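Residue-level structural notes
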Amino acid sequence: ISPDNFPVSFLMCDLDNLKKINDFLGHTKGDEYILTCYNEICSHIKKYNLVFRLGGDEFLVILQKTPASIAQAIAKKIEAKVALHQNFVPYTAGISIGTSTATSADTSFEECIKTADEEMYKIKARHKEHS
């Protein structure tokens, strides 16, 4: 990432209830859920940003030229839009997103990803408390 593209923000995303949807509604419905979340993520980011699927239900988003406040706003918008999807009843659609930001090339991307991951788990725990 070139110095012109800082700050760089990271969104670590984890789908809520994917295991339940797969186990009780079937893997076809689980795949639909993954695609629904992916499409919501992509609809809120610019074309030059990057989305990676890390595992069954985790995504990493790299937002170039995006300060922390904007990254947090994007995360909240994605979470709100995913929650509107009702195709997975009786399970609630949801996504937990942690954020972090690198302000310069001196910032460790690995540390930023770790911080975003830790924040994501805190948010996921709050979502579980309210479900």
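Every chain is numbered independently, its residues counted from 1 as its sequence is written. Two thresholds apply to this predicted model, a pLDDT of at least 70 for residue-level local features and 80 or more for giving and counting side-chain atom pairs, whereas whole-chain, interface and lining totals are computed over all residues. In computing side-chain properties, one takes all heavy atoms of the structure into account and sets aside hydrogens as well as water.

Notes on the sheet that holds strand S3 (residues 58–63)
Strand pairing in a sheet is mediated by backbone hydrogen bonds. Such pairs are either parallel or antiparallel. The criterion, for reference: Pairing between two strands requires that DSSP report at least two bridges joining them. Secondary structure elements follow DSSP: runs of H or I of four or more residues count as helices, runs of E of two or more count as strands, with numbering from the N terminus. Orientation is described by lines fitted to C-alpha atoms, with helices fitted over the stretch in contact, and by angles between N-to-C directions that extend from 0 to 180 degrees.
Spatially, S2-S3-S1-S4 is the arrangement adopted by the 4 strands of the open sheet, whose pairing is antiparallel. In the strand order of this sheet, the two ends are held by strand S2 (50–53) and strand S4 (94–102), each with one partner. Geometrically, the sheet is characterised by an average inter-axis angle of 20° between neighbouring strands, direction not taken into account. Bridging between strand S1 (residues 8–16) and S4 involves 9 bridges; their strand directions are antiparallel.

A word on the nonpolar core
Selection rule: Residues enter a nonpolar core if they are buried and are Ala, Val, Leu, Ile, Met, Phe, Trp, Tyr or Cys, with the set joined through side-chain atoms within 4.5 Å. Buried residues are those whose accessible area, probed at 1.4 Å on protein chains only, stays under 20% of the maximum for their type, while exposed residues exceed 50% and partly exposed ones sit between those limits. Between two residues, a contact is recorded if the distance between any of their heavy atoms is within 4.5 Å.
In terms of nonpolar packing, the biggest core is built from 22 residues, with Leu 11, Cys 13, Leu 15, Tyr 33, Ile 78 and Ile 95 touching the most fellow members. Of all the secondary structure elements, the ones that give two or more residues to this core are S1, helix H1 (18–25), helix H2 (27–43), S3, helix H3 (68–83) and S4. With 5 residues, the top contributor of residues to this core is H3. Beyond its immediate chain neighbours, meaning those up to four positions away, Tyr 33 contacts Leu 15, Asp 16, Asn 17, Leu 18, Ile 21, Phe 88, Thr 92, Ala 93 and Gly 94. Within the second largest apolar cluster, 10 residues are counted, among which are Phe 6, Val 8, Ile 62 and Met 120.

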